[in-house]
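Structure at a glance
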Amino acid sequence: MMVQLLRRVDSVFFQAWLLVNILLLAPPCLEAKIAKGDTPWDIKAERLVFFHNSKVVIAEGSVEVKRGKLKVFADKIIYDEEAGKIYASGHVVIHLGQDVLKGAKGSLDLKTSTGQMEDAFLYLRRNNIHLTAKELEKTGPEEYHAVDATVSTCPMPDQDWRFRCRDLTLTVDGEAKGKNAFFEIKDIPVLFSPWIYVPINRYRKTGFLIPEYTSSKRNGIGIDVPFFLVLNDSMDLTFYQHPMSSRGWMEGVEYRHVFSQTDKAIVRYNFLNDKKDDNDFNGDGHVRGNEFRWWIRGKLNQALPFGFLGKLDVDLMSDMDYLQEFDTGLMGFTRSDETFKKWFHRNLAEDTDKIRPSVAQVTRETEELFLGFHGRYNDNHFFGQRGYTVQTLPSALLHSFKRPLWKRLLYYQFDFDYTDYWREQGTKEHRIRLNPSISTPVDLFDWADLVITGSLEDSIYVAYGEDDYDNNPDDTANKFRYSITGDLSKTFARNYGTSDSGTWRHYITPRISYIYTPYRSSRDIPTIDQRDLYPERNKIIFSLLSFVTGKRGMGQGRHSYSDLLRVKLQQSYNFHKEPTVLSAQNFKPRRLSDLYGEIDLTPFPDFWLRYDTKYNFYGDGFRNHNVRWRYVGYRGSTFDLDYRYHKLEDINELNFNMNAILTAAWSFRFHIKQDFKRNKQIESKYVIRYTSSCWAIEGKLKTDSDDTSILVNLELLGIGGWTSR
């Protein structure tokens with residue numbers, strides 16, 4: 001049975017049962033090793049030769065060698081089992097998991113995961129790295145050293161860009177370190193460096209990110225150079241250096257951590273010693289008066305002990321013009337707002353808001369209770385009003401959800417809250433409010449649904465300080481009142497269509513509510529929010545809700561539901577006249593409230609429209625219109641329109657956003673904000689972007705009434721980060 005030469009099979013692939021031959025021909029120690037569960041080799045070739053004494057296998061002709069995730073293809077392969085090495089030549093292709101190594105000839109040490117390859121090509125799939133080299137040495141499981149190498153994330157053979165290095169090392173941490181390096185675009189050298197350091201791993205690595213070039217009439221020419229610093233697997237810092245020819249050197253830092261889905265934070269801070277003499281940004285006569293300008297913003301989500309969840313929003317700035325002057329770039333308002341919305345689903349206040357809110361809250365919710373603690377600091381930048389700005393420091397709320405009290409005939413719920421309102425000037429107050437209520441459903445024999453609710457409200461005030469009229473409010477005050485509410489409703493429904501073509505269900509719900517609350521004077525307490533007012537309420541509220549829901553079959557007993565149309569109308573009649581605003585300076589008591597109406601329309605998934613309005617029957621007509629519209633079109637292009645009209649607040653403006661995906665490579669974005677009341681364009685943005693398989697370039701032009709800026713951003717896939725906006 002000692003056979004040293006297997007016969008040749010010409011022009012036919014031969015499946016060698018190598019494991020069987022080794023078991024038959026190898027000594028007992030080899031048999032034991034295989035018996036312990038080692039993965040056998042699978043070899044295919046036109047000719048196989050096995051030398052039992054030296055334990056060497058020679059395979060020639062379209063050779064395929066497989067073992068687990070390792071696959072080797074070549075014209076000729078020599079496998080030395082004693083040394084644990086494979087020698088291959090002729091059209092060598094080695095699959096190392098997801099990575100591919102090709103070359104003319106080379107070797108692989110299976111024990112140390114090292115080897116060499118001549119005229120090599122290496123593809124690292126998880127990094128999308130394409131590397132060629134005259135000589136390539138595999139120095140470790142994920143480490144390589146190359147001579148006369150090129151590296152890029154562009155596919156072969158025609159690469160849009162690449163680094164050409166005399167000497168290149170890829171480390172186990174995913175770092176590319178090269179010497180005598182050229183950066184080439186379409187084989188044309190454009191930059192030279194005696195050395196380069198590029199993080200190419202899918203993991204976060206310390207290093208410089210791609211800079212951003214800016215240009216504007218007010219700020220001049222600038223460049224923003226970010227440096228990314230990894231602190232550990234969950235924390236990092238990014239430092240921004242942004243010199244501007246007309247403003248000076250702006251610096252910034254961003255801190256991030258993500259410990260879990262509920263524990264994460266992002267904080268951004270910029271500062272600048274402004275050298276520009278112009279300290280009245282938009283010519284409104286409000287002189288800024290400061291040279292050191294800064295903005296700090298951040299958000300935090302944090303899981304706390306005993307099931308509590310904490311959230312923190314910080315938004316503080318040096319002056320009222322900062323966000324309008326520095327709203328573009330890597331650390332501008334737009335990018336910051338997009339980042340917070342993506343990670344926390346909470347936006348910043350509008351960049352035109354002169355009062356910047358910072359909020360801290362801690363909450364816990366169970367099936368029966370909601371407990372929350374809340375604090376709010378308002379950074380007010382309206383001239384002369386900072387001292388009168390009300391701060392909530394802090395407030396606490398305990399809310400009990402409606403629960404059955406007795407045989408499901410009585411239900412109870414209650415609210416308890418404490419608030420401390422503080423401000424530098426004017427009166428302050430502590431307020432404690434307790435509001436229990438009991439409700440009962442009334443059986444109307446399925447004719448309609450009626451719920452009657454009775455509630456008590458007791459508020460205790462501790463007021464201090466002085467108002468503008470040098471009046472001292474009462475040190476303490478107690479306000480007690482009750483409310484009675486009745487809610488009567490009935491829902492009518494009808495189906496249309498068949499199950500084959502889909503079913504449409506139309507709902508109509510008329511509702512009548514009655515509220516009675518006696519009048520209580522509030523003269524002896526400061527009026528800070530709506531709960532400090534105690535008007536008499538004796539009114540009926542009429543409302544009508546109608547909506548259409550579609551049901552379509554998806555096969556296998558599954559169905560999809562969608563609301564196609566929703567319409568709501570509401571109006572109230574007060575038996576005791578209450579103040580109604582007819583114009584900015586005209587308050588008159590009226591019985592009939594404004595008619596409120598809203599429409600939501602979604603005829604198909606790619607189209608959505610919402611409209612709401614108020615109509616006044618005492619000569620003021622339509623007081624406001626709000627329209628929001630979105631359409632998703634070709635290749636996922638989006639069109640968004642937001643129109644606002646408010647007669648009393650003197651608002652009549654349009655916001656339109658378009659993100660048109662023209663081709664797989666080209667996209668165009670357009671944004672306009674138009675003020676029809678003043679007949680001027682507030683701002684406009686034009687963005688054009690080209691995205692290749694391994695790089696992208698984006699140009700942005702922004703104009704407003706005070707400035708015009710140009711921004712250019714170059715991105716290399718896998719080098720310095722890759723973002724899609």
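For clarity, every value in this text was computed on a predicted model and none was experimentally measured. (Residues numbered from 1 in each chain as written. Predicted model: local features only at pLDDT ≥ 70, side-chain atom pairs only at ≥ 80, totals over all residues. Heavy atoms only, no water.)

**Things to note about the nonpolar core**
To keep things clear, this is the line we draw: Among buried residues, those of type Ala, Val, Leu, Ile, Met, Phe, Trp, Tyr and Cys that are joined through side-chain atoms within 4.5 Å constitute a nonpolar core. The rule is simple: take the accessible area with a 1.4 Å probe, protein chains only, and divide by the maximum for that residue type; under 20% is buried, over 50% is exposed, in between is partly exposed. Here a residue-residue contact requires only that any non-hydrogen atoms of the pair lie within 4.5 Å.
With 45 residues, the main nonpolar core has Ile77, Ile94, Leu122, Leu131, Leu136, Phe163 and Leu168 as its most contacted residues. Once residues lying within four places of it in the same chain are set aside, the contact partners of Ile77 are Val57, Ile58, Ala59, Val63, Val65, Val72, Ile86, Tyr87 and Ala88. Grouped together as the second largest cluster of nonpolar side chains are 13 residues, Ile266, Trp295, Leu323 and Phe326 included.

**Notes on the pairing of strand E21 (residues 309-317)**
Heads up, the rule is: Pairs of strands are assigned from DSSP output, requiring at least two bridges between the strands. Each helix is a run of H or I in the DSSP string that is no shorter than four residues. Each strand is a run of E no shorter than two, and both are numbered from the N terminus.
In this structure, strand E20 (residues 292-303) lies alongside E21, joined through nine bridges in antiparallel fashion. Considered in E21, the bridge of Ala303 is made with Leu309. Two successive antiparallel strands, E20 and E21, enclose a turn made up of five residues, where Phe306 displays a positive phi of approximately 65°.

**What about the pattern of salt bridges?**
For clarity, the threshold we go by: Should a side-chain nitrogen of Lys or Arg be within 4 Å of a carboxyl oxygen of Asp or Glu, the pair is scored as a salt bridge.
For the structure on display, the rule yields 45 salt bridges. Its salt-bridge partner being Glu368, residue Arg403 comes within 3.4 Å of it at the nearest N-O pair. Of this pair, Arg403 sits in strand E25 (residues 403-406) while Glu368 sits in the loop between strand E22 (355-365) and strand E23 (369-380), and the two are 35 residues apart along the sequence. With its nearest N and O atoms 3.7 Å apart, the salt bridge here joins Asp600 to Arg610. Of this pair, Asp600 sits in strand E35 (residues 595-601) while Arg610 sits in strand E36 (residues 607-616); the two residues are 10 residues apart in sequence, bridging distant segments of the chain. For Asp600, a relative accessible area of 15% translates into the label buried. According to the relative accessible area criterion, Arg610 is partly exposed, its value standing at 23%. Taken together, the salt bridges that share partners define one network made up of Arg218, Arg247, Asp274, Arg293, Asp319 and Glu325.

**Digging into a nonpolar patch on the surface**
What counts, and what does not: Like-charged residues are merged into a patch within 9 Å and nonpolar side chains (Val, Leu, Ile, Met, Phe, Trp, Tyr) within 5 Å, provided each residue has over 30% relative accessible area and no salt bridge. Accessible areas in this description were obtained via Shrake-Rupley with a 1.4 Å probe; residue shielding takes into account the shown protein chains only.
Where nonpolar side chains cluster on the molecular surface, the patch consists of Tyr213, Tyr686, Ile697, Leu701, Ile710, Val712 and Leu714 and spans about 570 Å² of accessible area. Going through the elements one at a time, strand E42 (695-704) and strand E43 (708-716) are the ones with two or more residues in the nonpolar patch. Among the elements that make up the nonpolar patch, the one with the highest residue count is E43 (three residues). Tracing the sequence through the fold places Leu714 in strand E43. With a relative accessible area of 36%, Leu714 lands in the partly exposed category.

**Quick look at helix H4 (residues 333-344)**
Selection rule: Take the residue count of a helix, subtract one, and multiply by 1.5 Å to get its expected span.
For H4, with 12 residues, the first-to-last C-alpha span of 16 Å sits near the 16 Å given by 1.5 Å per residue. Within the sequence span of H4, burial applies to Phe333, Arg335, Ser336, Asp337, Thr339, Phe340 and Phe344. Positive phi appears at His345, one or two residues downstream of H4, with a value of about 55°.

**Regarding the environment of Arg537**
Locating Arg537 in the fold gives a position in strand E32 (residues 537-555). As a C-alpha pair, Arg537 and Ser483 span 54 residues in sequence and 8.8 Å in three-dimensional space. Here Arg537 is in contact with Ser483, Ile515, Tyr516 and Thr517, once residues within four sequence places are set aside.

**As for the confidence of the model for the chain**
Condition: Note: pLDDT gives the predictor's confidence per residue, expressed from 0 to 100.
When the pLDDT values of the chain are averaged, the result is 84; 87% of them are 70 or greater. Across the chain, element-level confidence peaks in E35 with a mean pLDDT of 97 and bottoms out in helix H2 (residues 28-35) with 28. Note that residues 1-37 has pLDDT below 50 and, in this model, 46 contacts with residues that lie over four places away or in other chains. Low confidence marks residues 721-725, where pLDDT is under 50. Its contacts with residues over four positions away, or in another chain, come to 18 contacts.

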